[in-house]
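Chain by chain, the residues run as shown.
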Amino acid sequence: MTRPDYPSTRRGDWQDELAGVRFDDPYRWLEEETEEVVHWQRQQAALAAGTVRDWPHFQALRQSVERLNTPRFSSVPIFAGTRWFRLHMPAGRTQAVILISDTPVGTGQVLFDPDEISSNHPPFIAWISPSPDGGVLAIGLCADGSEHNTIRLIDVETRKELPDPPAQPLMDNWTGGAQWLADSSAFYFTGLVGAEKDFRQCIFRYDLADRSVHVPDIPLIDAGQDYLAARPASDGRWVVALQRVMEPVPVAVLDMEAERPQWRPFVTEVDGAIAGDVVGDHYVAVTDIGAPRGRIVAIPLATETPNDPASWVELVPESDAAIRSVRRVADHLYVSEFLDTYARVRVFTHDGRPLGEVPLPGRGAIAEPYTPLTAICGPSGQTAFTFGFSSLTESWGTYLHRSEARELETLIPPAVVLGDAIVEDRWARSSDGTLIPYHVVRRADAEPDRPRSALLWGYGGYNIALSPQFPGATAAIVAAGGLYVHCHLRGGSEFGRNWWEGGRLKNKQNGYQDLYAIAEDLIARGASVPDRMAVAGGSNGGLMAGVAAVQRPDLWRACVARVPALDLIADCRDAYGRSTTAMEYADPDDPDEVRRMALFSPYQLIEPDSIYPAVYVDAGANDPRCAPWHARKFVARLQAAQAGDAPVLVHIWENVGHGSATAKDVQIEQNCEWLGFVMQQLALTP
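The following refers to the structure shown. Quantities reported herein were computed from a predicted structural model and do not represent experimental measurements.

## What to know about the overall build of the protein chain
Helix and strand counts for the protein chain stand at 13 helices and 37 strands. Relative to the compact-globule value of 26 Å for 686 residues, the protein chain shows a C-alpha radius of gyration of 25 Å, a close match. Projected onto its principal axes, the C-alpha coordinates of the protein chain cover approximately 75 × 55 × 55 Å. At a minimum sequence separation of 6, the contacts of the protein chain that also span at least 24 residues come to 60%. Here the protein chain displays about 25,800 Å² of accessible surface, and carbon together with sulfur accounts for 47% of that area.

Structural data, given as structure tokens:
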């Protein structure tokens, strides 16, 4: 491929400074949202789109993507009152509607249709939360793709909106939207305070009777740059307040049956996570305190020594499995785990007596939220275990398990099954000797003993697992005869706390070494070669792809960074970026830590007159997490530095955010473009 004719990009002599350490920042002007920047951005988007769409196989790829572009997550029906609520995507539509029915997946009645608000640009339904009596449905609506959403309240019987819902915007759906009291009279929610860019969140309470909003006086809970939540118990007595999105801790409790209900401190002096729910008069939770892979404990809510782990009752001890979550379902506890990266669900009584395993449909992944705090904030008071399940060769299905039953009920079967594909489980040895698991998905007729085109996908950060689920549109690589390589890098949570700690902060480079080890293992096995290998990822995985492009350009034909953070130094000038940097990458106030972080900040690592692989970066113009200027600055600098002919392209998608609130038709366009770029480079034909 010949070198593209890039739009003209001016260069300045700006510098950036963090903790007293200075860095050249020649493209700082691209951080602004001026007319000049928008014009440059649109020129670059046209170049990226044209480069891919002129490919003679683009329409064939579109057909493959449209077939495989299933939702990334399962929408599980929620039971409330006497009925079931669920999201449903009608054929030919770009946004889901909300259905209500007497059975989990009955034909149902449309309760809310975003097309009735606007058929041209319908809002995205970020979350749904029915009141326990099923009379009112709270929903979050996002109008601009950013994930920021506002609350609407729907009267279930009349389908009419109730007046005066809370006006405070929500950052996303990470705290479950509305957390209802058991009597359906009020709900808690976590909203933004002040300007959205300041990323200050606060717990609010909304009372339905007088439509009032107030901030409850909760000890140790103040508006700040982290996630907070108030979680009412399904039996109505207790409310628990939590903080820390990746390491939730129940810092305060409220006894609603007390003569004068008043919040009081609970667990406040521990180092680790305690993530769970109220069961009777105990807080039953997964904790990594004293158990890096997790154990289940019960903490008496009335105890005078909640900070003393010796006073906790252990219900489920640590094992070889990494415990993910515990969910109360009627009289039982459902414990979700990873066993060598694959999902397992065990059932226990409330006092920890084992009852057996849920017979999952295969080896794959349970649908779980992004963060441990989000998992706590799911629907409460459920009478059956409803869940989504997917594998590397089957898209999401929805299932129901009753504790007394031996078999699963299939509510919604997988929409896509790669019947001619097989999965191979492998391990690579990283530079420090650690064994790193990965999975290779290939067509059964794709010979494993000769080099093939391969796409590596990874994440490796923030205590978030890259569970072995269906890759959606990316399965087009497999359909075309290539290898899809699913990488479990350190920094995630696949093996518990130590796996996260092994790839974060001072150990962050380990996760990138893990990626390179997997690539080198594929080469050593004869499965692929650098000229037929690509790497891709989104968000923190987009950073990973950017790091891979500049640290090890010799390993790749192509690198794709989706919605990435690529200038970690400048990111610390942003409130959200500074908070996520301190959590995962480095202490932004320590000069030595800043210098270490600069060793894997892709923008700072670009060297002039160097040969880099083909690079494609895309981002959302309305992204509140990884702002589009990351993509603009990185690509501008890389285009100027590229000494080879491989293209360096960027596409900033307008009216799009970080990805979770993107309409289906836009998802298809995005996936066609970046996958088309990869297939061009790897000589794959859809």
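## Concerning unusual backbone geometry
The backbone of Arg-244 sits at a positive phi, close to 80°, despite the residue not being glycine. Looking at Arg-244, the relative accessible area reads 26%, which means it is partly exposed. With a phi angle near 65°, Asn-463 is a residue other than glycine that sits in the positive phi range. Following the sequence through the fold, Asn-463 ends up in the loop between strand 32 (454–457) and helix 4 (476–479). Here Asn-463 falls in the buried class, since its relative accessible area comes to 11%.

## Here we look at helix 12 (residues 629–641)
Taking 1.5 Å per residue as the helical rise, helix 12 with its 13 residues ought to reach 18 Å, and the 18 Å between its terminal C-alpha atoms agrees with that figure. Most of helix 12 is tucked away: twelve of the 13 residues are buried.

## Here we look at the sheet that holds strand 21 (residues 313–316)
Sheet strands line up and pair through hydrogen bonds in the backbone, either parallel or antiparallel. With respect to topology, four strands assemble into an open sheet ordered 18-19-20-21, the strand pairing being antiparallel. Edge positions in the sheet fall to strand 18 (274–279) and strand 21, since each of these pairs with one other strand and no more. With strand direction ignored, the average angle separating the axes of adjacent strands in the sheet is 30°. As paired elements, strand 18 and strand 19 (residues 282–287) share six bridges and run antiparallel to each other. Looking across to strand 19, one finds that Ala-275 is bridged to Val-286.

## Here we look at the packing of helix 2 (residues 58–68) against helix 13 (residues 664–682)
Axis separation between helix 2 and helix 13 bottoms out at 10 Å; the angle between their running directions is 125°. By the angle between their directions, the pair helix 2 and helix 13 is classed as oblique. Helix 2 and helix 13 meet at a crossing whose hand is right-handed. Residues Phe-58, Leu-61, Arg-62, Val-65 and Glu-66 of helix 2 form the contact with helix 13, whose participating residues are Ile-668, Glu-669, Asn-671, Cys-672, Glu-673, Leu-675, Gly-676 and Met-679. Its residues assigned to classes, the contact of helix 2 with helix 13 comprises seven nonpolar, two polar and four charged.

## Section: the sheet that holds strand 5 (residues 97–101)
Here four strands make up an open sheet; going across it, the order is 3-4-5-6 and the pairing antiparallel. Either end of the sheet is taken by a strand with one partner, and the two such strands are strand 3 (78–80) and strand 6 (109–112). With strand direction ignored, the average angle separating the axes of adjacent strands in the sheet is 35°. Sheet topology note: the strand 4 (residues 83–88)/strand 5 ladder contains five bridges and is antiparallel. Residue pairing across strands places Arg-86 opposite Leu-99, the latter belonging to strand 5.

Criteria and thresholds
- Residues numbered from 1 in each chain as written.
- Predicted model: local features only at pLDDT ≥ 70, side-chain atom pairs only at ≥ 80, totals over all residues.
- Heavy atoms only, no water.
- Helix = DSSP H or I, 4+ residues; strand = E, 2+ residues; numbered from the N terminus.
- Rg over C-alpha atoms; globule rule 2.2 N^0.38 Å.
- Contact = heavy atoms within 4.5 Å.
- Areas by Shrake-Rupley, 256 points an atom, 1.4 Å probe, with all protein chains shown as cover.
- Buried < 20%, exposed > 50% of the residue type's maximum accessible area, 1.4 Å probe, protein only.
- Expected span 1.5 Å × (residues − 1).
- Pairing = 2+ DSSP bridges.
- Axes fitted to C-alpha atoms, helices over the stretch in contact; angles between N-to-C directions.
- Parallel < 35°, antiparallel > 145°, perpendicular 65-115°, else oblique.
- Left-handed = near helix turned anticlockwise from the far one by under 90°.
- Nonpolar A, V, L, I, M, F, W, Y, C, P; charged D, E, K, R; others polar.

Any functional reading would require information that these geometric values do not contain.
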